[in-house]
Every structure is written in structure tokens, then in C-alpha cells.
Amino acid sequence: MERRTVSSGTEWEPRVGYSRAVRAGSQVHVAGTTATDEDGNVVGVDDPYRQTERALEIVREALEAAGATVDDVVRTRLYVTNIDHWEEIGRAHGEVFGEVRPAASMVEVERLIDPDHLVELEAVAIVDDNGE
């Protein structure tokens, strides 16, 4: 089975020892993703909808780099710092996955790595394993 990693180029990946995404055979796993811009600044401070939207943009880019699309996603996990924002977060998730309808979990956590992060998202996709 071929294993391929996707990097976003951040300084944290080699320091912490992770990849933005890993494709192993037909599976693509996207690491926990937060709403940051290219310079590492938090996008959408105090806006759970915008943070979810931005995290999903990054997830989409990682999936595509690994040879998958959002249509291939079978599982998402959302870690949120305030479950009372579930409707805004869910609306952003639904705008991307409304037709795909992956198995999904939304779990409230005490905090994320940056106090301005409100949402962290993971995704798993399964694609046709044609040996890419």
C-alpha cells in the first residue's frame, strides 16, 4: 500500500511530527484543521461560522492535494469550544457536506491550541485506490 503525505508548509508540521493529510491506499485522513491564514493568523476571531468555513476551505485543499474531493468524505469530527454555537458551525458544515452527508460528530472541548480558535475539524475520505 502506498502512503503519501500532504504538507501545508507550516513550521509546526516538522516540529510536532504531523502532516496536513495522509493518503494510505484508498483512505485520506485530514488532520485537525483550524481557521488560519497563510501567515498563521486566526481567521474569523469571535465568528464560529467563518472559522468553520475557513477550516473547511483548508480541508478541501488538503483533500484535493491527496487526490480526493469533499464528495469522498465519509467522516468529519468537529471540536468546538462552545457547543451553543452548534447551529452556526453546523450551517457552514452543511453548506459543504449537505449532499454528501458524512458521518459527523461535534464535541465541545475546553479549549484549542490558540484561545481565538473556536473550531477544529478533521475529515476522512475514501477514494478509488488506483495506485496513485
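Overview of the structure. Predicted, not measured: the structure shown is a model, and the values here were computed from it. (Residues numbered from 1 in each chain as written. Predicted model: local features only at pLDDT ≥ 70, side-chain atom pairs only at ≥ 80, totals over all residues. Heavy atoms only, no water.)

### Some thoughts on the pattern of salt bridges
When charged atoms on two side chains of opposite charge get close, those side chains can pair. The criterion, for reference: Take a side-chain nitrogen of Lys or Arg and a carboxyl oxygen of Asp or Glu: if they are within 4 Å of each other, that pair is a salt bridge. Runs of H or I in DSSP of at least four residues are treated as helices and runs of E of at least two as strands, each being numbered from the N terminus. Exposure categories follow from relative accessible area, calculated using a 1.4 Å probe and restricted to protein chains: below 20% of the type maximum is buried, above 50% is exposed, and the middle band is partly exposed.
All told, the structure shown has six salt bridges when counted by the stated rule. For Arg50, the salt bridge goes to Glu53, with nearest N and O atoms at 3.0 Å. Separated by three residues within a single helix, Arg50 and Glu53 lie in helix 2 (residues 48–65), roughly one turn from each other. For Arg50, a relative accessible area of 25% puts it in the partly exposed group. Assessed through its relative accessible area of 27%, Glu53 is described here as partly exposed. For Glu57, the salt bridge is made with Arg50, and the minimal N-O distance between the two is 3.5 Å. Among the ionic contacts, a cluster of salt bridges with common partners joins Glu38, Arg50, Glu53, Arg54 and Glu57.

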